[in-house]
Amino acid sequence: HGQVLENRSYRIEARPDGKLDVRRGEVVRTLRPEFTVMFSAADPGRHIDWQNYLLAPRWAIRWRHYQEDIVSLNRWLRDELGLDVTVTETADGERIWDYGRVKVTGTYALGTTNPFLAGERTTVAAKRFVTRAQGSMFWEFADQPGFRLMARLHLPLPDGDPELNIRLIVRESGYYSLAFTGAPGVLVEQAVNVPQVATGAGGRQRQFLMAEVNERLPRAHVSDGQVHSVVVVDPRETPFREEMPSRENSRFGTMIGLLDGRLTPLVFSPIMGGAESLMREGDDYRFTIRYLLKEGDWKDVYRYIARDIYRFSDLRDNSGTGPLNETIANVVDFLLDRHGGNYAQWHDEQKYYNYWSDKSGIFKPFSPLFGLAAAVVLDDEEMYRRRALPVVEFALSRKSNVFSPYDVEDTGQVVSLDRRLGAPYVGVPQLVSLWSIYQERTHAFRHYAEKAGFPNRIMEQLAAYRLTGEAAHLASAIQIADRTIRSDAGHYFDFLELYEVTREPRFLDAALERVYAQAARGVNLFPPVPDRLMTFDQGGRVPVHGHSHGRHRLWGFPPPEGLPTREQTVPAWRGSEIGLETFSHHRAELWMNHHPQFMRVAAHAGDDFLRDMARWGMVGRYGNYPGDNRTARSLVTELPDAPEHPIWKQIYTSFNPGHAWEVIGAMVDFLVTDAFERSEGSITFPSASMAGSHFRVNVYGDRPGRFYDEEGVHLWLPRELMHVDNRQVDHLAGYGNGKLYVAFWNQSFEEQPVEVVFNPERVEFAPGASVRVWDNNVKKESRRLSDGRLAFTVPPKGIYAAAIDQADVKRTLQARMFDPNSVILGPGSITQKTAPFGDVYGMILSLGRGLSNAFVYTDALPDDVIMARLRYRQGNGEWKEEEDEIFPFEFSVWLDEEAGDFEFVLEVETTKQEWLKSAVSRLRF
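What you see is a predicted model; the values in this text were computed from it and never measured.

Novice: Tell me about the overall build of the protein, and please be specific about residues and values.
Specialist: Secondary structure summary: the protein contains 17 helices and 54 strands in total. Relative to its length of 925 residues, the protein is compact, with a C-alpha radius of gyration of 31 Å against a globular reference of 29 Å. With the C-alpha coordinates aligned to their principal axes, the bounding extent of the protein is approximately 100 × 80 × 60 Å. Within the span of the protein, comprising 925 residues, buried residues form 63% of the whole. Summarising the internal contacts of the protein: among those between residues at least 6 apart in sequence, 70% fall at separations of at least 24. Accessible surface for the protein amounts to roughly 35,000 Å². Of this, 45% is attributable to carbon and sulfur atoms. Counting 107 positive and 127 negative side-chain charges, the protein places the centres of these two groups 3 Å from one another.

And the structure:
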């Protein structure tokens, strides 16, 4: 009693009852010297929840061998958790969880997700302190039959948060887990949701444990909206080890517990039944946590834990991969099969990539816009003709993006298989974006958007505004957004897009709040990266992903063997999973569609924390399409040819090659947005929306943007435009006003000399062309271009930009796309007619002059039709024929815009071997 610890932030005073009053500023909270120890003499049966995830997330831990009696369980579900769920038990002990719309039975109906039920529970509380020494207080606990518990509270000097060092000495062999249950909680009715994995995606689940492997920033955080009480795992307990955290080696779990009507932050260590929990008599287990008390916004607390406790900072550069421009080129080569082998599994007839990894024989594009916009921005006509256009046609004709043309084995991985045709699977916002990218000249996109209508949702009303220009739609989008903000709902991307249209600060604030929530639930910010070298891919082999063993066993693939590679000893950050997302049980998801938006919000809000997070996800990370996720540390994702292998060798990730289509969109988005942030918003290009799509990004190329003080600049990134001799430098280019615009930014922490040589086959300059220069966003004195070369120096993390006069830019796809003489298609360019065998659909699509085609298909199914024949002509030309023997029955015919209208008849041979045909249809230019 009367003992006090103090530093710059905290004052901690012992009370006569052994409790501690913790003061920070004007706020005081009380720590109780209370711990709970769980013991199980036998294996408790730890596994993941998987199916019963309406109660707890599917990656929460479930203990099969322990469960509560039915009466207590139902009372807990109803009274404490407020869930409308009933559990019943059959005479033979089988349980049924009835959620109304779904029932859970079998293995996942047994056991518990509540760690307090996983074994024998002993709660111990200290009555007093025994001593105080060197900034520490020691609690004294009564000895227990099976263990001895000791605890020290230490307050670092001159500053820092209180540390609680826990020590458990075991007297009886078995499985153990312990938790500090004395942290102050918040009354349920006063608590506000704090985004974290310990509360699940909706923020309402509790009484479950999420393991270290699923943690993003190890903490359990409760708040009443003003004061934050947080238990944080000490960084020393989660070191950067050779193996990533996994289900097997996770050392701890976080939880928001409901104790005495209060939401209480908890950390359990070790996890019952997991790593380190099996202890023998005499074992001495130690673990350290920190207690954080802080006022203010939850985002400030989150940043503080990341920056000040876990030492999160920007470390990445282009050392392993070179510039993102090269990576983008490598992904395009993979998508277009430019090296042969068709390792991306493209299917000409089905117009997409085989979804072989989850369910071979189905085709699942999330949006045509990823690759379409990339083809435009990269000025790649081959990519448009061979890949982007077929995927656009797929999107316009299939009613679902999970298209299943064949009878395939049900692996249980993909549900909602569909083979219906006759309408676009993409929603209104994407149809309007397609209309915009096609320069508002292809009526089919507008037709389908207007036919679908514009529901009263933010993005649909914003799409209607973009399509019609009617201010009432924008006003409606704003009203819906305001209601959504008040209800604490909505997606950050919606608010970000609305902010960029309206520039209303409240929408940026809403986007910022939700971006942080996305990051807090999904982005890894630990373990801290040591400042040392580390050897990766030891023995010259890439670690094998666990999924590959199942493919060998179930699919007959050869035994998995890691790809040969180069063993490398490099800075540890190169192999860190910081900045990557974890939205399943895999520690390092390789998706990066959120990172461009982190960077964009960071630029608008001046938030360097989000900027650093975005860089960790993308900079120097990928040399090509990386696959879906990794479970072991490796530098394989840096390799420029990593995915260029047959499917039985693509075993370093959970590999779905078609996802490279989504990845190319994210990479282009990040490159454009990185330039936007580096230039402080001075290099900016308008985007089209991909709302409604999974892995949503911004897409570009439909309209010109701005380069510092010059408007009318078209984004233009052909791969062969220039040679840049420094691999630490990423670049972006554009053209307009008779000029070439280029920007180069340094991804490293050191000054970089750069020499650029422009390719005369893509751009030529008049002798001595004038070059306007911006060095780190400061306008400098103009210079002259010498022999098509530009030499300069870029400061650490700096940017160098130039506008070069008298530039003859040699475009390909964009020359056609922006040709003012391109055709404008009206309502006569689309048709739908009923035929004896089903409906027949036809439309003309035109991206620009010389890029017009007729797309014709029928919704007839292979149950009734075995082949189709298209008879067609253009203008008064000769009739021609094409046949299609593979479902779906569809045709794409390139047209001459000067040759007149397109007439066609579709004939089919039925399964009864009868020939039926449609009436003649006409598509008008």
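Okay, back to it.
Novice: How would you summarise the sheet that holds strand β8 (residues 86-89) if you had to cite specific residues and measurements?
Specialist: Taken in spatial order, the three strands line up as β8-β9-β10 in an open sheet, and their pairing is antiparallel. Edge positions in the sheet fall to β8 and β10 (103-104), since each of these pairs with one other strand and no more. Alignment of β8 against strand β9 (residues 95-98), held across four bridges, turns out to be antiparallel. Counted as the bridge partner of Val 87 is Trp 97 from β9. Helix α1 (residues 70-80) rests against β8 and β9 of the sheet, and its axis sits at about 170 degrees to β8.

Novice: Give a description of α1 that names residues and reports values.
Specialist: Restricting attention to buried positions, one finds in α1 the residues Ile 70, Ser 72, Leu 73, Asn 74, Trp 76 and Leu 77. The secondary structure elements touched by the buried residues of α1 are β8 and β9. The N-capping residue of α1, defined by a side-chain oxygen 3.3 Å from the backbone nitrogen of Val 71, is Asp 69. Once α1 finishes, Gly 82 follows within two positions and takes phi at roughly 65 degrees, a positive value.

Novice: Pulling in residues and values, what's your account of the packing of aromatic side chains?
Specialist: All chains considered together, the criterion is met by 46 aromatic pairs. Between Phe 252 and Phe 287, the ring centres sit 6.2 Å apart and the planes meet at 55 degrees, which makes this aromatic pair tilted. Here Phe 252 is found in the loop between β20 (227-233) and β21 (253-259), whereas its partner Phe 287 is found in strand β24 (residues 284-295), with 35 residues between them in sequence. What makes Phe 252 buried here is its relative accessible area of 0%. Ring centres of Phe 707 and Tyr 741 lie 5.2 Å apart, and the angle between their planes is 50 degrees; this geometry places the pair in the tilted category.

Novice: Break down the pairing of strand β5 (residues 34-40) for me, with residues and values.
Specialist: Of all seven residues in β5, six are buried; the element is thus mostly enclosed. Where β5 meets strand β11 (residues 120-125), six bridges bridge the pair, whose relative direction is antiparallel. Across the sheet, residue Met 38 finds its bridge partner in β11, namely Arg 121.

Novice: Now, about the pattern of salt bridges: what can you tell me, with residues and values included?
Specialist: Within the structure shown, the criterion is met by 75 salt bridges. Salt-bridge contacts for Arg 95 lead to Glu 89; the nearest nitrogen and oxygen are separated by 2.9 Å. Assessed through its relative accessible area of 41%, Glu 89 is described here as partly exposed. When the shortest N-O distance is used, the salt bridge between Asp 787 and Arg 789 registers 4.0 Å.

Novice: A description of the nonpolar core should follow, citing residues and the corresponding values.
Specialist: Judged by nonpolar contacts, the single largest core of 256 residues is most densely connected at Phe 35, Leu 168, Tyr 302, Ile 305, Tyr 384, Leu 740 and Phe 758. Leave out the neighbours within four places in its chain, and Phe 35 touches Thr 122, Thr 123, Val 124, Trp 139, Phe 141, Leu 149, Ala 151, Leu 164, Ile 166, Ala 179, Phe 180 and Thr 181. Counting residues in hydrophobic clusters, the runner-up holds 20 residues, among them Leu 77, Val 104, Ala 109 and Ile 256.

Novice: Got a sec to walk through helix α2 (residues 298-309)? Specific residues and values, please.
Specialist: With 12 residues, α2 extends 16 Å between its outermost C-alpha atoms, agreeing within 8% with the 16 Å of an ideal straight helix rising 1.5 Å per residue. Taken as a whole, α2 has its buried residues at Trp 298, Lys 299, Val 301, Tyr 302, Tyr 304, Ile 305, Ala 306 and Ile 309. For α2, the secondary structure elements touched by its buried residues are β19 (219-223), β20, β24, α12 (505-522) and α15 (608-618). The residue sitting at the N-terminus of α2 and contributing the capping side-chain oxygen is Asp 297; that oxygen lies 2.7 Å from the backbone nitrogen of Lys 299. Two residues or fewer past α2, Arg 311 is found with a positive phi of approximately 55 degrees.

Novice: How would you explain the pairing of strand β13 (residues 136-140) if you had to name every residue and give the values?
Specialist: Every other side chain in a regular strand lies on the same face of the sheet, so the side chains alternate between the two faces. Here β13 runs beside strand β14 (residues 147-154); their pairing, made up of four bridges, is antiparallel. What sits directly across from Ser 136, in β14, is His 154. Joining the antiparallel neighbours β13 and β14 is a turn of six residues.

What counts and what doesn't
- Residues numbered from 1 in each chain as written.
- Predicted model: local features only at pLDDT ≥ 70, side-chain atom pairs only at ≥ 80, totals over all residues.
- Heavy atoms only, no water.
- Helix = DSSP H or I, 4+ residues; strand = E, 2+ residues; numbered from the N terminus.
- Rg over C-alpha atoms; globule rule 2.2 N^0.38 Å.
- Buried < 20%, exposed > 50% of the residue type's maximum accessible area, 1.4 Å probe, protein only.
- Contact = heavy atoms within 4.5 Å.
- Areas by Shrake-Rupley, 256 points an atom, 1.4 Å probe, with all protein chains shown as cover.
- Lys, Arg positive; Asp, Glu negative; His and termini not counted.
- Charge placed at Lys NZ, Arg CZ, Asp CG, Glu CD.
- Pairing = 2+ DSSP bridges.
- Axes fitted to C-alpha atoms, helices over the stretch in contact; angles between N-to-C directions.
- Polar contact = N/O pair within 3.5 Å; in protein donor to acceptor, adjacent residues only side chain to side chain.
- Phe/Tyr/Trp six-rings, centres within 6.5 Å; stacked < 30°, edge-to-face > 60°.
- Salt bridge = Lys/Arg side-chain N within 4 Å of Asp/Glu carboxyl O.
- Core = buried A, V, L, I, M, F, W, Y, C linked by side-chain atoms within 4.5 Å.
- Expected span 1.5 Å × (residues − 1).

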